[in-house]
Amino acid sequence: MLGVIGIVLVVVLVFGGYVFSGGKIEILMEALPHELPMILGGSVGAYLVSNKSTVLKKTMGECMRSFKSPQWNKQDYKDLLCLLYILCKLMKSKGLIAVEQHIEKPAESSIFSQYPRILKDHFAIGLICDTLRTLTMGLENPQQIEDIIEKQIEKHHHEATGPGHALQIMADGLPAIGIVVAVLGVIKTMSSINQPPEILGRMIGGALVGTFMGVFLSYCIVGPIASKNLAMFHEEQQFYFIIRDVLVAHLKGMAPQISMEMGRGHIPGHLQPKFSEMEELAGTLKIEG
């Protein structure tokens, strides 16, 4: 919602301020139908050339996602800590064999099914289950497990932020494309050098609309959308770091409560539950094998 309000404010205040200061909106309206398609065509064409099909398919969805709330809320972070606490407690009391039935079919697990929103995130569930499967195979070195999880998170983050980085590169190039369009407008103006000054002034003004639109789209529209998208993914990445920290802490022999506290430290500050809140919540959890 704030994103939509921001875009509306940008358009209203920029163009409204121009008109309020005495600018002639008809010059913009006359030039936009010719110059805007050139700018958009150049930028979109370059975007298609420079990106893989996997990035292109996700672009529109990620643009729309930038106007939505982040994927995880405070309750989701609390649920993740509770889920990991139950698994650590179960492994601590009954051994790795007790979690095998849960990690082989998490959708049918009595533990995972308590947290349906987390269950829908295939990467989070895969990260938990694959790590625990690795433990059942005998690899219990905390450093090695941490490296494995780090690489998986890094790969996932790189793929997820592809559209955001591509949009940022597009935003960086828009001012230059606007200049190209403006230069073409100046070339057109120079071919009419024998026209009266008022006509030449109008033509030069129309040519400069290209530069204006390139900078405007870059810094007021595309750039902010790309920045919001990347910021959202950076925040959501902390969700997976919690999984890493809790499981690695468990491997180091820490108590489930301490392991949960290690993960709590990675929750963004405005969403982070208090220590006492999680301690009280942990006391209400039922551990079933």
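Structure's up top.
Residues numbered from 1 in each chain as written. Predicted model: local features only at pLDDT ≥ 70, side-chain atom pairs only at ≥ 80, totals over all residues. Heavy atoms only, no water.

### Focus on the overall build of the chain
(1) Moving on: When helices and strands are tallied, the chain shows twelve helices and zero strands.
(2) Moving on: For the chain, the succession of helices and strands along the chain, N to C, is α-α-α-α-α-α-α-α-α-α-α-α.
(3) Moving on: For 289 residues, the compact-globule estimate of 2.2 N^0.38 gives 19 Å, and the chain exceeds it by more than 25% at 27 Å.
(4) Moving on: When burial is assessed residue by residue, the chain has 41% of its 289 residues classed as buried.
(5) Moving on: Excluding contacts between residues fewer than 6 apart, the proportion of contacts in the chain whose partners are at least 24 apart in sequence is 77%.
(6) Moving on: Carbon and sulfur atoms form 64% of the exposed surface of the chain, whose accessible area is close to 15500 Å².
(7) Moving on: Seen as two clouds, the 25 positive and the 27 negative side-chain charges of the chain have centres 2 Å apart. (Helix = DSSP H or I, 4+ residues; strand = E, 2+ residues; numbered from the N terminus. Rg over C-alpha atoms; globule rule 2.2 N^0.38 Å. Buried < 20%, exposed > 50% of the residue type's maximum accessible area, 1.4 Å probe, protein only. Contact = heavy atoms within 4.5 Å. Areas by Shrake-Rupley, 256 points an atom, 1.4 Å probe, with all protein chains shown as cover. Lys, Arg positive; Asp, Glu negative; His and termini not counted. Charge placed at Lys NZ, Arg CZ, Asp CG, Glu CD.)

### Describing the packing of helix α11 (residues 256–264) against helix α12 (residues 275–282)
(1) Moving on: The geometry of α11 relative to α12 is characterised by a closest axis approach of 11 Å and an angle of 140° between their N-to-C directions. With respect to α12, the element α11 is oriented oblique. Considering only the axes of α11 and α12, their crossing is right-handed. Facing Gln 257, Met 260, Glu 261 and Arg 264 of α11, the residues of α12 in contact are Phe 275, Met 278, Glu 279 and Ala 282.
(2) Moving on: Within the contact of α11 with α12, the residues separate by chemical class into four nonpolar, one polar and three charged. (Axes fitted to C-alpha atoms, helices over the stretch in contact; angles between N-to-C directions. Parallel < 35°, antiparallel > 145°, perpendicular 65-115°, else oblique. Left-handed = near helix turned anticlockwise from the far one by under 90°. Nonpolar A, V, L, I, M, F, W, Y, C, P; charged D, E, K, R; others polar.)

### A word on the nonpolar core
What tends to happen in soluble globular proteins is that the nonpolar side chains get buried as a cluster.
(1) Moving on: With 45 residues, the main nonpolar core has Ile 128, Tyr 240 and Ile 243 as its most contacted residues.
(2) Moving on: Of all the secondary structure elements, the ones that give two or more residues to this core are α4 (74–94), α7 (122–136), α8 (142–160), α10 (197–251) and α12.
(3) Moving on: The leading source of residues in this core is α4, at twelve residues.
(4) Moving on: When sequence neighbours within four positions are dropped, the list of residues in contact with Ile 243 reads Leu 80, Leu 84, Ala 124, Leu 127 and Ile 128. (Core = buried A, V, L, I, M, F, W, Y, C linked by side-chain atoms within 4.5 Å.)

### Describing helix α9 (residues 162–190)
Residues three or four positions apart in an α-helix share a direction because the helix packs 3.6 residues into each turn.
(1) Moving on: Between its first and last C-alpha, α9 extends 42 Å over 29 residues, near the 42 Å set by a 1.5 Å rise per residue.
(2) Moving on: Maximum bend of α9: about 35°, positioned at Leu 174, with proline Pro 175 one to four residues after it. (Expected span 1.5 Å × (residues − 1). Bend = angle between axes of the 7 residues up to and from the residue.)

### Comments concerning a nonpolar patch on the surface
(1) Moving on: A surface patch of nonpolar side chains, about 830 Å² in accessible area, is lined by Met 1, Leu 2, Val 4, Ile 5, Val 8, Leu 9, Val 12 and Leu 13.
(2) Moving on: Checked against the element boundaries, Leu 2 lands in helix α1 (residues 2–20). (Patch = residues over 30% accessible without salt bridge, like charges linked within 9 Å, V, L, I, M, F, W, Y side chains within 5 Å. Salt bridge = Lys/Arg side-chain N within 4 Å of Asp/Glu carboxyl O.)

### A closer look at the pattern of salt bridges
(1) Moving on: A complete count under the given rule lists nine salt bridges for this structure.
(2) Moving on: The shortest N-O distance in the salt bridge between Arg 133 and Asp 130 comes to 2.6 Å. With a gap of three residues between them, Arg 133 and Asp 130 both fall in helix α7, about one helical turn apart.
(3) Moving on: The class for Asp 130 is partly exposed, based on a relative accessible area of 36%.
(4) Moving on: A salt bridge links Glu 261 to Arg 264; the shortest N-O distance between them is 2.8 Å. Here Glu 261 and its partner Arg 264 are both found in helix α11, three residues apart, which amounts to about one turn of the helix.
(5) Moving on: Note on Arg 264: relative accessible area 12%, which makes it buried.

### Points about the side chain of Glu 62
(1) Moving on: Tracing the chain through its elements places Glu 62 in helix α3 (residues 53–65).
(2) Moving on: Salt bridges are absent for the buried Glu 62, whose nearest opposite-charge side chain, Arg 65, sits at 4.1 Å.
(3) Moving on: Not counting residues up to four positions away in its chain, the partners in contact with Glu 62 are Pro 163, Asn 229 and Phe 233.

### Points about the side chain of Asp 121
(1) Moving on: By the element assignment, Asp 121 lies in the loop between α6 (116–119) and α7.
(2) Moving on: Although Asp 121 is buried, it forms no salt bridge, and the closest oppositely charged side chain is Arg 65 at an N-O distance of 8.0 Å.
(3) Moving on: Within polar-contact distance, the side chain of Asp 121 engages the backbone nitrogen of Ala 124 at 2.9 Å.
(4) Moving on: Ignoring anything within four residues of it in the chain, the contact list for Asp 121 reads Gln 71, Trp 72 and Tyr 240. (Polar contact = N/O pair within 3.5 Å; in protein donor to acceptor, adjacent residues only side chain to side chain.)

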